[in-house]
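# Residue-level structure breakdown
Here is how the chains run, residue by residue.
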Amino acid sequence: MKRFRKLRTDERMRSFVRENNISVSDLIYPIFVCDGENVKQEIESMPDICRYSLDRLPEELDRVQEAKIPVVLLFGIPEYKDEKGSMAYDDNGITQRAIRLIRQSYPELLVIADVCLCEYTSHGHCGLICDGEILNDETLPLLSKAAVSLAKAGADIIAPSDMMDGRVAAIRTALDENGFKSVPVMSYSAKFASGYYGPFRDAAGSAPAFGDRRSYQMDPADGRQAMCEIEDDLSEGADMIIIKPAMAYADILTKARGRFFVPLVAYNVSGEYAMVKAAAQNGWIDEKRIVLENMLCLKRAGADRIITYHALDIAKWLNE
Ligand code: PBG
Ligand code: ZN
């Protein structure tokens, strides 16, 4: 009989042999920033997560800094939306202004800028539309403009989440041509058409006005295709890869980990967060235990870093 329990006798022994750990440096915290003044508005389906206007954003950034979370991912929610998502690539757009504020007052924070049109378009789709069709190639110049504008504002990393084909190459070329050769691209390469994004769309007001995103985001049934998407994004110049959602897609993380050697990021999305929070609020689960277990399991599955709305709580628990 092999006695596996020898290595589980007490916490000293368990911690000595532990294969994976979670620390604040694993975490990326998403923040929603909106137009307007004196706004701190909780998102109903995402308890404890708020939208902040620029003047109130420092409250949240102070908490991030205090918690020693090194990286934030910014989502802008503009007042003005139109068919072409103009505010996505306006140098005075809400995301650009938020980045400038962070650059000025929180210089040690690493800022990732999400690049997509859906928060900025009146129809809520991630690309330009003609006769009900989401156009691919016509969308690329707009994404490129957004990327350059965000880099100009001071974004450290550009993260395209639109799932148009060829966007990494287009964005890379545009960044290079505009003096941003050293700004890396973290691509949402394997982004699935998922029901788990529901609460985010409430937060960003970005639910599509018609149809759905299945003509550009991946089918949840397809795992091999995710490897093709990642391979292609890397060949187009992506420096890091995001897989999204996280928990139900841990097999994709593991598969990608074995194949690719770039940093791999799991996005623990809004719906995953909402489920845990709801069960915890009902007293049905132990929130701290479940969240830390989820994070550890994502690391074990192959994630180097995790984007999560739980980041502030996790930092607090780790520091206890
Ligand atoms: C924008 C974008 C979405 C998310 C991140 N970037 C929403 C979507 O594709 O509808 C989802 C994040 C989350 O659910 O937490 N393209
Ligand atoms: Zn989008």
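Note that the structure is a prediction, hence the values are computed from the model and not measured.

All right, on to the overall build of the protein chain then. If you tally the helices and strands in the protein chain, you get eleven helices and twelve strands. Taking 2.2 N^0.38 as the reference for a compact globule, 320 residues should give roughly 20 Å; the C-alpha atoms of the protein chain span a radius of gyration of 20 Å, in line with that estimate. A principal-axis box enclosing the C-alpha atoms of the protein chain has dimensions of 65 × 45 × 40 Å. In the protein chain, which comprises 320 residues, the proportion classed as buried is 56%. In the protein chain, once contacts between residues fewer than 6 apart in sequence are set aside, the share between residues at least 24 apart is 73%. Carbon and sulfur atoms provide 49% of the accessible area of the protein chain, an area that totals close to 14,700 Å². When the 39 positive and 49 negative side-chain charges of the protein chain are each reduced to one mean point, those points stand 9 Å apart.

If you check the shell around ligand 1, you find 18 residues, and the closest are Lys191, Arg201, Lys244, Ser270 and Tyr309. Here an oxygen atom of ligand 1 sits 2.9 Å away from a polar atom, N or O, in the side chain of Gln217. When ligand 1 sits alone it has 400 Å² of accessible area, and the protein chains cover 100% of it.

This next bit is on the coordination of the zinc ion (ligand 2). For the zinc ion (ligand 2), the full set of protein donor atoms is Cys116 (SG), Cys118 (SG) and Cys126 (SG), and the range of their distances to it is 2.2 to 2.3 Å. Taken together, the four donor atoms coordinating the zinc ion (ligand 2) and their angles of 96 to 125° define a geometry best described as tetrahedral. In primary-sequence terms, the residues that donate to the zinc ion (ligand 2) follow C-x1-C-x7-C. With Cys116 in the loop between strand E5 (110-115) and strand E6 (129-130) and Cys126 in the loop between E5 and E6, this residue pair connects regions lying ten residues apart in the sequence.

With that settled, the discussion passes to the pattern of salt bridges. Oppositely charged side chains may form a pair once their charged atoms are brought near each other. A complete count under the given rule lists 20 salt bridges for this structure. Among the salt bridges present, the one from Arg103 reaches Asp156, with a minimum N-O distance of 2.9 Å. With Arg103 in helix H3 (residues 94-105) and Asp156 in the loop between helix H4 (140-153) and strand E8 (157-160), this residue pair connects regions lying 53 residues apart in the sequence. Three or more residues are tied together by salt bridges with common partners; here these are Asp48, Lys277, Glu287, Asp313 and Lys316.

Evaluated as defined, the whole model comprises eight aromatic pairs. Seen from their ring centres, Tyr267 and Tyr309 are 6.2 Å apart, and the 45° between their planes marks the pair as tilted. Taken together, the residues Tyr267 in strand E11 (residues 264-268) and Tyr309 in the loop between strand E12 (305-308) and helix H11 (311-319) connect sequence positions 42 residues apart. Residue Tyr267 is classed as buried on the basis of its relative accessible area, which comes to 1%. Among the residues examined, Tyr309 registers a relative accessible area of 2% and is labelled buried. What links up through ring pairs into an aromatic cluster is the set Phe32, Phe75, Tyr188, Phe200, Tyr267, Tyr273 and Tyr309.

For Met13, the position within the fold is in helix H1 (residues 11-17). The class for Met13 is partly exposed, based on a relative accessible area of 30%. Contact partners of Met13, with chain neighbours within four places excluded, come to Lys6, Leu7 and Arg8.

A few words on the packing of H3 against H4. Contact geometry of H3 with H4 gives a least axis separation of 8 Å together with a crossing angle of 25°. Taken as axis vectors, H3 and H4 run roughly parallel relative to one another. Helix-helix and strand crossings are classified by hand; for H3 and H4 the assignment is right-handed. Along the contact surface, H3 presents Thr95, Gln96, Ile99, Arg100 and Arg103, while H4 presents Ser149, Leu150 and Ala153.

For the rest of this paragraph, the subject is helix H9 (residues 270-281). The end-to-end C-alpha distance of H9 is 16 Å, a good match for the 16 Å that twelve residues give at a rise of 1.5 Å each. Most of H9 sits inside the fold, with nine of its twelve residues counted as buried. Along H9, the residues that are buried comprise Ser270, Gly271, Glu272, Tyr273, Ala274, Val276, Lys277, Ala279 and Ala280. Contacts from the buried residues of H9 go to strand E3 (46-53), helix H6 (198-204), E11, helix H10 (287-301) and H11. Once H9 ends, the next one or two residues include Gly283, with phi positive near 75°.

The next subject is the side chain of Gln217. As for its position among the elements, Gln217 is in the loop between H6 and helix H7 (224-236). Setting aside residues up to four positions removed in sequence, Gln217 forms contacts with Met163, Lys191, Phe192, Ala193, Ser194, Tyr197 and Arg201.

Turning next to a negative patch on the surface. Together, Asp131, Glu133, Asp137, Glu138, Asp165, Glu231 and Asp232 make up a region of like negative charge exposed at the surface. Examined against the element boundaries, Glu231 turns out to sit in helix H7.

Attention now goes to the nonpolar core. Within the largest apolar cluster, 116 residues are counted, with the highest numbers of intra-cluster contacts made by Phe32, Leu57, Ile102, Ile158, Leu175, Ile243 and Tyr267. At nine residues, H4 tops the list of elements feeding residues into this core. Beyond its immediate sequence surroundings of up to four residues, Tyr267 is in contact with Pro30, Leu73, Phe75, Tyr188, Ile242, Ile243, Lys244, Pro245, Ala246, Glu272, Ile307 and Tyr309.

Thresholds, definitions, all that
- Residues numbered from 1 in each chain as written.
- Chains lettered and ligands numbered in written order.
- Predicted model: local features only at pLDDT ≥ 70, side-chain atom pairs only at ≥ 80, totals over all residues.
- Heavy atoms only, no water.
- Helix = DSSP H or I, 4+ residues; strand = E, 2+ residues; numbered from the N terminus.
- Rg over C-alpha atoms; globule rule 2.2 N^0.38 Å.
- Buried < 20%, exposed > 50% of the residue type's maximum accessible area, 1.4 Å probe, protein only.
- Contact = heavy atoms within 4.5 Å.
- Areas by Shrake-Rupley, 256 points an atom, 1.4 Å probe, with all protein chains shown as cover.
- Lys, Arg positive; Asp, Glu negative; His and termini not counted.
- Charge placed at Lys NZ, Arg CZ, Asp CG, Glu CD.
- Near = heavy atom within 4 Å.
- Polar contact = N/O pair within 3.5 Å; in protein donor to acceptor, adjacent residues only side chain to side chain.
- Donors = N, O, S within 2.8 Å, 3.2 Å for Na, K, Ca; no water.
- Tetrahedral: all angles 85-135°; square planar, octahedral: opposite > 155°, others 65-115°.
- Salt bridge = Lys/Arg side-chain N within 4 Å of Asp/Glu carboxyl O.
- Phe/Tyr/Trp six-rings, centres within 6.5 Å; stacked < 30°, edge-to-face > 60°.
- Axes fitted to C-alpha atoms, helices over the stretch in contact; angles between N-to-C directions.
- Parallel < 35°, antiparallel > 145°, perpendicular 65-115°, else oblique.
- Left-handed = near helix turned anticlockwise from the far one by under 90°.
- Expected span 1.5 Å × (residues − 1).
- Patch = residues over 30% accessible without salt bridge, like charges linked within 9 Å, V, L, I, M, F, W, Y side chains within 5 Å.
- Core = buried A, V, L, I, M, F, W, Y, C linked by side-chain atoms within 4.5 Å.

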